[in-house]
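The residues making up each chain are set out below.
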Amino acid sequence: MSDKNKENILMLVFVISTIATAGSLYFSEIMKFEPCKLCWIQRIFMYPLPILTGLAIIRKDYKQNVSFLFLTSIGLGFSIYHNIIKLIPKNYNVSCGQISCITDYFSFMGFITIPLLSLVAFSLIEILLVYMILKERHFKIAA
């Protein structure tokens, strides 16, 4: 895989993580939606990604993908769990402190929620990073 392709993939990761970070800050700081504990945990794993991927792009350091994948995988795990308890709240006894993890602050078209947006962002980043790592290791992937 050429350095230009690696840079393009990292640029997509940078853009997605920056939009996700800006979106979460918009919801909490401008719209005044207080995040639940699971949202805070997901933020811990999303917020460093724009900085780290931005630095990797500037330095042309394309060997940090496993580190990015580690952060993304943990965040994705929490996001999957958050979406499960949001979709099936009766089967889970989750105490999220003052704000419930199943509170609906935002719903677009009846099904797009803040936890779903997080799941989409983490999933897209995960797919891009896994693709890049597999391509670097010379696995045959149809392009």
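Presented here is a report on the structure given in the accompanying data block. (Residues numbered from 1 in each chain as written. Predicted model: local features only at pLDDT ≥ 70, side-chain atom pairs only at ≥ 80, totals over all residues. Heavy atoms only, no water.)

Where nonpolar side chains cluster on the molecular surface, the patch consists of Ile80, Ile84, Leu87 and Ile88 and spans about 360 Å² of accessible area. On the secondary structure map, Ile84 appears in helix 4 (residues 65–87). (Patch = residues over 30% accessible without salt bridge, like charges linked within 9 Å, V, L, I, M, F, W, Y side chains within 5 Å. Areas by Shrake-Rupley, 256 points an atom, 1.4 Å probe, with all protein chains shown as cover. Salt bridge = Lys/Arg side-chain N within 4 Å of Asp/Glu carboxyl O. Helix = DSSP H or I, 4+ residues; strand = E, 2+ residues; numbered from the N terminus.)

Right, let's talk about the nonpolar core for a bit. Leu10, Met46, Leu49, Phe68, Ile125 and Leu129 are the most contacted members of the largest nonpolar core, which has 22 residues in total. At the level of secondary structure, the elements contributing two or more residues to this core comprise helix 1 (3–30), helix 2 (37–46), helix 3 (48–59), helix 4 and helix 5 (114–136). Broken down by element, the residue count for this core peaks at eight residues, all from helix 5. Excluding anything up to four places from it in sequence, Leu10 contacts Thr53, Ala56, Ile57, Asp61, Tyr62, Asn65, Phe68 and Met132. (Core = buried A, V, L, I, M, F, W, Y, C linked by side-chain atoms within 4.5 Å. Buried < 20%, exposed > 50% of the residue type's maximum accessible area, 1.4 Å probe, protein only. Contact = heavy atoms within 4.5 Å.)

Residue position: Ile51 is located in helix 3. Judged by its relative accessible area of 56%, Ile51 falls in the exposed class.

Time to look at the environment of Thr53. For Thr53, the location among the structural elements is in helix 3. By relative accessible area, which is 0% here, Thr53 ends up buried. In this structure the C-alpha to C-alpha distance between Thr53 and Gln64, which are 11 residues apart in sequence, comes to 8.5 Å. Residues in contact with Thr53, not counting those within four places in the same chain, are Leu10, Val13, Phe14, Ser17 and Phe68. From its side chain, Thr53 meets the backbone oxygen of Leu49 in a polar contact 2.6 Å long. (Polar contact = N/O pair within 3.5 Å; in protein donor to acceptor, adjacent residues only side chain to side chain.)

We note that Lys32 has phi near 65°; this positive angle belongs to a residue other than glycine. One can find Lys32 in the loop between helix 1 and helix 2.

So, about the packing of helix 2 against helix 3. Viewed as axis vectors pointing N to C, helix 2 and helix 3 meet at an angle of 5°, and their least axial separation amounts to 5 Å. Between helix 2 and helix 3, the crossing angle belongs to the class labelled roughly parallel. Contacts between helix 2 and helix 3 involve Arg43, Ile44, Phe45 and Met46 from the former and Pro48, Leu49 and Pro50 from the latter. Here the residues of the contact of helix 2 with helix 3 sort into six nonpolar, no polar and one charged. (Axes fitted to C-alpha atoms, helices over the stretch in contact; angles between N-to-C directions. Parallel < 35°, antiparallel > 145°, perpendicular 65-115°, else oblique. Nonpolar A, V, L, I, M, F, W, Y, C, P; charged D, E, K, R; others polar.)

Our focus in this paragraph is the packing of helix 1 against helix 3. Taken N-terminus to C-terminus, the directions of helix 1 and helix 3 make an angle of 155°; their axes are 8 Å apart at the nearest point. When the axis of helix 1 is compared with that of helix 3, the two are roughly antiparallel. In terms of crossing hand, the pair formed by helix 1 and helix 3 is left-handed. The residues of helix 3 that touch helix 1, namely those facing Glu7, Leu10, Met11, Val13, Phe14, Ser17, Thr18 and Thr21, are Leu49, Pro50, Thr53, Gly54, Ala56 and Ile57. (Left-handed = near helix turned anticlockwise from the far one by under 90°.)

Attention now goes to the pattern of salt bridges. With the rule as written, the count across this model stands at one salt bridge. We note a salt bridge from Lys60 to Glu7, for which the minimum N-O separation is 3.7 Å. Taken together, the residues span a long stretch of sequence, with Lys60 in the loop between helix 3 and helix 4 and Glu7 in helix 1 at a distance of 53 residues.

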